[in-house]
Amino acid sequence: MVEQEKLTTVNKKKINPRNIEKLPEIISKYINTLPETPYTAMGFNFVYTIEVGREILKNIFLINDKKLTEIFSNKYEFGGIIKFSFENFIVTLTIKPQDADHISGSFNFHYASQNKENLIKNLSIYQKARKFSEKILKELFDV
């Protein structure tokens, strides 16, 4: 029995170009194999580690460093959450420091629908969403 509250369909552990390209096909087969399962949404998650100093986050996002320094001292770390639309998806980008030389960028592309055909149709955006994620990070961090 599948819990209706939440089912995570597929997580790829072995990452290679072929697996990445085949993921929409794998998910589509999964959905069609379980026609009785009620679906409410689907999403793509892309997580990147970027080799840049965490100070760059202040340059991109920080509005009032003086006030934050007064509140948190000089040793605070800074990140951000940005929410925006892309195609039929709502995207949440979370950017946060990992260590002195790395930050992470985590994208969640969310598409809400109870219509199985619409879910499968929107799987076609997977590669475009992945490339768009990489483009955003390149533009934000000049990498």
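Values in this document were obtained by computation on a predicted structure and should not be read as measured data.

**Considerations on the packing of helix H1 (residues 17–33) against helix H5 (residues 126–141)**
Two elements in contact, H1 and H5, have axes separated by 9 Å at closest approach and are oriented at 135°. It follows that H1 is oblique to H5 by the angle criterion. From H1, Ile20, Glu21, Leu23 and Pro24 reach across to H5, where they touch Tyr126, Gln127 and Arg130. A class-by-class count of the residues in the contact of H1 with H5 yields four nonpolar, one polar and two charged.

**Overview of the nonpolar core**
Membership of the largest hydrophobic core comes to 33 residues, with the highest contact counts inside it found for Phe44, Phe46, Phe107, Phe109 and Phe141. Put simply, the parts of the chain that give this core at least two residues each are H1, strand S1 (41–50), helix H2 (55–61), strand S3 (89–99), strand S4 (102–112) and H5. Phenylalanine 107 has contacts with Phe44, Asn45, Phe46, Tyr48, Val91, Thr92, Leu93, Ser133, Ile136 and Leu137, leaving out every residue within four places of it along the chain.

Quick notes on the rules
Residues numbered from 1 in each chain as written. Predicted model: local features only at pLDDT ≥ 70, side-chain atom pairs only at ≥ 80, totals over all residues. Heavy atoms only, no water. Axes fitted to C-alpha atoms, helices over the stretch in contact; angles between N-to-C directions. Helix = DSSP H or I, 4+ residues; strand = E, 2+ residues; numbered from the N terminus. Parallel < 35°, antiparallel > 145°, perpendicular 65-115°, else oblique. Contact = heavy atoms within 4.5 Å. Nonpolar A, V, L, I, M, F, W, Y, C, P; charged D, E, K, R; others polar. Core = buried A, V, L, I, M, F, W, Y, C linked by side-chain atoms within 4.5 Å. Buried < 20%, exposed > 50% of the residue type's maximum accessible area, 1.4 Å probe, protein only.

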